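These are the residues of each chain, in order.
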Amino acid sequence: MYHSRWKNSHREAGLTYGDRLYKNNIIINFKSYLTKEKIDYAEQVFDIYNEYYPEIIEEIKGFAEGQHTDFKIVFAFLVTMYIFTYNNYCSMLALTNKNCLVFARNSDFLVDIKKVSDSTFYKLNSNFSFIGNTTAMIQIEDGINEKGLACGLTFVYPTVKNYGFNAGFLIRYILEKCETTQQAVDFLNKVPIGSSQNIIIIDRFRNLAVAELNSSHKTIKINEANAVYRTNHFIEQTMLKYKYLGEDDVFSHLRYKTLNSQNYTGFNLSDIFELLKGKNGFICQYDKTKKFDTIWSSIFDIKNKVIYRCEGNPKQKKFIIDKRLKFSF
């Protein structure tokens, strides 16, 4: 897992990272991942990203310049993720009780992606600093910012898609721009959505939200439970008409059953670790011959301002403490 650092302006951060890769002879052939449909889609969503998040456009332009390639190609590669791809399997939960205030997530993916996954540290000139973990540069899949707001996503197989933000940029925006769960919910309510995903958000004030989102509908609940959890399918009645009818070959329902069977009232931090390690039921015990696995686990202990990460399957690898982020609350 890489540990990249992004600093200064968005444009400078993107340029520095793209240039560093280029000088290390890591030159990504973005065009090979694209089709005419993806390029056309990116052209249609450019104005949406530019309206809601113009800084990210500058960061992608800087990155493309550092890679000595065309911005439009890089932009198309990034904004079509989660919309035209279907291979991201994750479990997440957030919990607030008398013992802890925690967001936790297992990121499950194709094993081949493990070597290019990244735990990023963003400290830009404006907005909030944050630690974010991802399988793709510039977008984020789980993280926590300096104000103690943590969030993450689980991908849902799309049965509909349209023009709007994808899952990775939704999480990136929330970590960079939002201090509270309510601010994040306000953003999710107003921004057009392109992909299908679940998102969980929790802040230092113990406000907790779970959102099930696609391009046709948004179901967002805030402070309706002290523990919320999601895997790779929709749960809310209003979202069941978008159910994926294919085989659940990523064990989404089995992992959800494990999360749903816990008594979270007395849970403490140690219980969270045990849960992610698969000690309480199926959560990460994948058949290695299937070529996918848990490639990292995150635990954000908001109460004690500690970030834990396991780079690999937590059943076999140890959690380490990440001290890069300086909290400001």
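Since we're looking at a predicted model, the values are computed, not measured. (Residues numbered from 1 in each chain as written. Predicted model: local features only at pLDDT ≥ 70, side-chain atom pairs only at ≥ 80, totals over all residues. Heavy atoms only, no water.)

A. Looking closely at the pattern of salt bridges. Enumeration over the complete set of coordinates arrives at 17 salt bridges. A salt bridge links Asp 19 to Lys 23; its shortest N-O distance comes to 3.1 Å. Of this pair, Asp 19 and Lys 23 both sit in helix 1 (residues 10-23), four residues apart, which is roughly one turn of that helix. By relative accessible area, Asp 19 is classed as partly exposed at 23%. Asp 40 is the partner of Lys 36 in a salt bridge, and the nearest nitrogen-oxygen pair spans 2.8 Å. Of this pair, Lys 36 and Asp 40 both sit in helix 2 (residues 36-52), four residues apart, roughly one helical turn. Look at Asp 40 and you get partly exposed, because its relative accessible area is 30%. A network of salt bridges, in which partner residues are shared, links Arg 11, Glu 58, Lys 61 and Glu 65. (Salt bridge = Lys/Arg side-chain N within 4 Å of Asp/Glu carboxyl O. Helix = DSSP H or I, 4+ residues; strand = E, 2+ residues; numbered from the N terminus. Buried < 20%, exposed > 50% of the residue type's maximum accessible area, 1.4 Å probe, protein only.)

B. The layout of surface pockets, seen in detail. Considered as a void within the structure, the largest pocket measures approximately 870 Å³ in volume. Taken together, 32 residues line the largest pocket, and the ones lying closest to its centre are Phe 77, Ile 113, Val 116, Thr 135 and Ala 136. Elements represented by at least two residues in the lining of the largest pocket include exactly helix 1 and strand 3 (101-110). By residue number, the principal contributor to the lining of the largest pocket is helix 1, which donates three residues. Put simply, the second largest pocket is a space of about 230 Å³. Surrounding the second largest pocket, 16 residues form its lining, Asn 232, His 233, Lys 243, Tyr 244 and His 253 being those nearest its centre. (1 Å grid on protein atoms, 1.4 Å probe; cavity = no way out; pocket = protein on both sides within 12 Å on 5 of 7 lines; lining within 4 Å. Points joined across faces, edges and corners; volume = space filled by probe spheres on them.)

C. Seen up close, the side chain of Thr 120. Looking at the element boundaries, Thr 120 is found in strand 4 (residues 118-124). When residues no more than four places from it in sequence are discounted, the contact partners of Thr 120 are Ser 4, Trp 6, Phe 130, Ile 131, Gly 132, Thr 134, Ile 140 and Arg 324. (Contact = heavy atoms within 4.5 Å.)

D. The packing of helix 3 (residues 54-66) against helix 4 (residues 71-79), seen in detail. Contact geometry of helix 3 with helix 4 gives a least axis separation of 9 Å together with a crossing angle of 120 degrees. Here helix 3 is positioned oblique relative to helix 4, judged by the angle of their axes. Every pair of crossing elements has a handedness; the one defined by helix 3 and helix 4 is right-handed. Facing Ile 57, Ile 60, Lys 61, Phe 63 and Ala 64 of helix 3, the residues of helix 4 in contact are Phe 71, Val 74, Phe 75 and Leu 78. Residue composition of the contact of helix 3 with helix 4, by class: eight nonpolar, no polar and one charged. (Axes fitted to C-alpha atoms, helices over the stretch in contact; angles between N-to-C directions. Parallel < 35°, antiparallel > 145°, perpendicular 65-115°, else oblique. Left-handed = near helix turned anticlockwise from the far one by under 90°. Nonpolar A, V, L, I, M, F, W, Y, C, P; charged D, E, K, R; others polar.)

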